[in-house]
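# Fold and geometry: a report
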Amino acid sequence: MSLTLPEVMRIAALARIAVTPAEAAGVQAQLNGILGLLEQIDAVDTAGVEPMYHARDVTLRLRADEVTEPDRRTAFQAVAPRSRTACISCRRS
Amino acid sequence: MFDASLSELADALAARRLSSLELTRLFLDRIAGPGAALNAFITVDPELSLAQARASDRRIAAGEAGPLTGIPVAHKDIFVAEGWPSTCGSRMLANFASPYDAHVIERFNAAGAVILGKTNMDEFAMGSSSESSWFGAVRNPWDAERVPGGSSGGSAAAVAARLAPAATGSDTGGSIRQPAALSGVCGLKPTYGVVSRYGMIAFASSLDQGGPFARSAADLAVLMNVMAGFDPRDSTSLERPAEDYARDLARPLKGLRVGVPAEYFGAGLAPEVGSAVEAAIAALERLGATRVDVHLPNAGLSVPAYYVIAPAEASSNLSRYDGVRYGYRAAQYDGLVDMYCRTRAEGFGPEVKRRILVGTYVLSHGYYDAYYLKAQKIRRLIARDFAEAFARCDVIAGPTTPTAAFRLGEKVEDPVQMYLNDIYTVAANLAGLPALSVPCGFVRGRAMPFPRTRPGAKVACRSGSSSSATTSPRRGCSASRTSTSRRPTGTSACRRFLGEGLRA
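Residues numbered from 1 in each chain as written. Chains lettered and ligands numbered in written order. Predicted model: local features only at pLDDT ≥ 70, side-chain atom pairs only at ≥ 80, totals over all residues. Heavy atoms only, no water.

## Here we look at the packing of helix α1 (residues 5-14) of chain A against helix α11 (residues 350-362) of chain B
It is the contact of α1 of chain A with α11 of chain B, at a shortest axis distance of 9 Å, that shows an interaxial angle of 95 degrees. Considered as vectors, α1 of chain A and α11 of chain B are oriented roughly perpendicular to each other. In contact with I11, A12 and L14 of chain A of α1 of chain A, α11 of chain B contributes L357, T360 and Y361 of chain B. Its residues placed into classes, the contact of α1 of chain A with α11 of chain B shows five nonpolar, one polar and no charged. (Axes fitted to C-alpha atoms, helices over the stretch in contact; angles between N-to-C directions. Helix = DSSP H or I, 4+ residues; strand = E, 2+ residues; numbered from the N terminus. Parallel < 35°, antiparallel > 145°, perpendicular 65-115°, else oblique. Contact = heavy atoms within 4.5 Å. Nonpolar A, V, L, I, M, F, W, Y, C, P; charged D, E, K, R; others polar.)

## Let's talk about the sheet that holds strand β7 (residues 257-261) of chain B
All names here are of chain B. Strand order in the open sheet formed by three strands is β8-β7-β9, with parallel pairing between adjacent strands. Two strands close off the open sheet at either side, each with one partner strand: β8 (290-294) and β9 (395-396). As judged from the two bridges shared by β7 and β9, these two strands associate in the parallel manner. Within β9, the residue paired with V258 across the bridge is V395. (Pairing = 2+ DSSP bridges.)

## A word on the environment of V185 of chain B
All names here are of chain B. Among the structural elements, V185 can be located in the loop between α6 (177-183) and β5 (186-189). Take V185: its relative accessible area is 1%, and that puts it in the buried class. When the C-alpha positions of V185 and A161 are compared, they lie 9.8 Å apart, and in sequence the two are 24 residues distant. When near neighbours in sequence (up to four residues on either side) are disregarded, V185 contacts A156, V159, A160, A180, F213, A214, R215, S437, V438 and P439. (Buried < 20%, exposed > 50% of the residue type's maximum accessible area, 1.4 Å probe, protein only.)

## Considerations on helix α3 (residues 46-61) of chain B
Residue and element names in this part refer to chain B. The end-to-end C-alpha distance of α3 is 22 Å, a good match for the 22 Å that 16 residues give at a rise of 1.5 Å each. For α3, the full list of buried residues reads S49, L50, A53, S56, D57 and I60. In an axial view of α3, the angular spread of the buried residues amounts to 115 degrees, which keeps them on one side of the axis. Every exposed residue of α3 that faces more than 90 degrees away from the buried side is listed here: E47 and R58. (Expected span 1.5 Å × (residues − 1). Arc of directions from axis to C-beta.)

## Observations regarding unusual backbone geometry
Of all residues except glycine, most have a negative phi; of all peptide bonds, most are trans. Residues and elements named next belong to chain B. A cis geometry characterises the amide bond from G150 onward to S151, with omega recorded as 10 degrees. Within the fold, S151 resides in the loop between β3 (114-119) and α5 (153-160). Residue R162 is not a glycine yet carries a positive backbone phi of 60 degrees. Its place among the elements puts R162 in the loop between α5 and β4 (167-170). Judged by its relative accessible area of 2%, R162 falls in the buried class.

## Considerations on the packing of aromatic side chains
Residue and element names in this part refer to chain B. Evaluated as defined, the whole model comprises 16 aromatic pairs over all chains. Between W142 and F442, the ring centres sit 5.0 Å apart and the planes meet at 55 degrees, which makes this aromatic pair tilted. Remark: F442 occurs in the loop between β10 (435-437) and β11 (453-455) and W142 occurs in the loop between β3 and α5; sequence separation between them is 300 residues. Like F442, W142 is buried. Linked through ring pairs, F96, F124, Y321, Y326 and F348 together constitute an aromatic cluster. The ring of Y198 carries the charged tip of R233 above its face, separated from the ring centre by 3.8 Å. (Phe/Tyr/Trp six-rings, centres within 6.5 Å; stacked < 30°, edge-to-face > 60°. Lys NZ or Arg CZ within 6 Å of the ring centre and 35° of its normal.)

## Quick notes on the domain arrangement of chain B
All names here are of chain B. For chain B, the assigned domains are domain 1 (6-260 + 392-497) and domain 2 (300-378). The partner domain 2 presents 27 residues to the 27 residues of domain 1 that form the contact. Buried area between domain 1 and domain 2, summed over both chains or domains, comes out near 2,400 Å², and the portion from carbon and sulfur atoms is 67%. Inspection of the domain 1/domain 2 interface yields zero salt bridges. Along the lines of polarity and charge, the residues of the side of domain 1 that touches domain 2 split into 18 nonpolar, six polar and three charged. (Domains from an automatic or database assignment. Buried area = accessible area lost by both parts, 1.4 Å probe. Salt bridge = Lys/Arg side-chain N within 4 Å of Asp/Glu carboxyl O.)

Right under this line is the structure:
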């Protein structure tokens, strides 16, 4: 199926990526080209096949419920675009 | 010195014929001089590298050196390293300096290796040409008008051009093997879980795997002995005893069953690549291996299945780049949601945005079953094909890419053509298998290396000779041949052997 322009803008909004009206037609054409490639999987009979969500069928390991990390708040806050006292900050507009 | 193997460099350092400081300076000068035009590095910091080199020299003097102590290694800029910018080739992280080291970086640091620099790459490892980097395209050392492959193109170009003795990379759908192939060096994607993903910036977590670049399989084994190992901070890290990847280097090939899938030699494969790979397989037979015809009937579905699954995982992983906690933030916006949208529109390049949009779509309500669930079922079919093939053979041999290196800009505007370049590599990631690319020749009339890949259930390096065959941009056309093996015991091994050089 092909995506319409409103559908492209809806997906962009869901993905939190601003797409300008000038870019929209180009994005639409490229996405539809890619979806054309992906649609090859439609014709495959996968009845009764278990999906393989991971490269290895293993159960994720659990760790003990213990504090293992030291307090490195200053270091982690230092990479934020903006921070104030103990908080990462973000102006509203 | 630029052509020396890792063991030769280690011997020279141990014998004090050379200091790590001198060696590191040699490579730094080469990067800044003739290597600069390749744009293979995003960050080089001589002060940091030389400080590490001095520390390594002290360690060597104290008699505490290991196989990599004092040897400079270039790292793909997907591995975060404290004190270094860690950009992942993106404007989003152009000014990000990680407060911690990736597990791979920790392991190299602990071994006394020197960080030579951070190599250029496709943005967030999404690409097959290393053209989508915010820091500009990488050029192929064999022909500067062509791509080195991607996404780990900077690492591949650096090793090929002798700007680094070895390098690291990451492989989600071929990002180590494809640039290794197009740049004429050896590249290994280990079994999923063998190398920790901790601190390796995430693209598609069920597929991502770090691995080494080098000029020979023996060197790959040395690097794997440092990189591989259990890490509790990566929930999918394999918990198994450490192994010596060099242990089978001298093991002969007699008795090795090499599976050759007809599906890898059909339409789309450039005839000159096909004939070079066939010649290499014939050389394996001369060395005692047995050719076995196998089938991978769903091989053609691996690209569409991959380009559903990888973007889906990427759209989730890259949701963390929102301009709040770290990375780029748009200067002008109106409200929080607008800040997210503008930050991501300005911080990501076109290919990353395309993949996030595709991933968002295939995971969205009403399309999840048709795309994502279906692709995961096809992934199972592809993995089953390999399991059935490996009942009849120990390794599978075939081309790494359909063609030799293509021209810069040739596929940038056509994402589908770019994706189809991954036809022979993505299946190994979907199935979690190890796979190796080694050079097997050059395109006639142009110094473009041929690619060849071998996925196997377990990887090991084996050598039939103690001498080393390498490809050299200066010397031209020698070829090393390497294979992976699947062992009934389930232990990993890496095989390397040498045949005569292939002349194009």
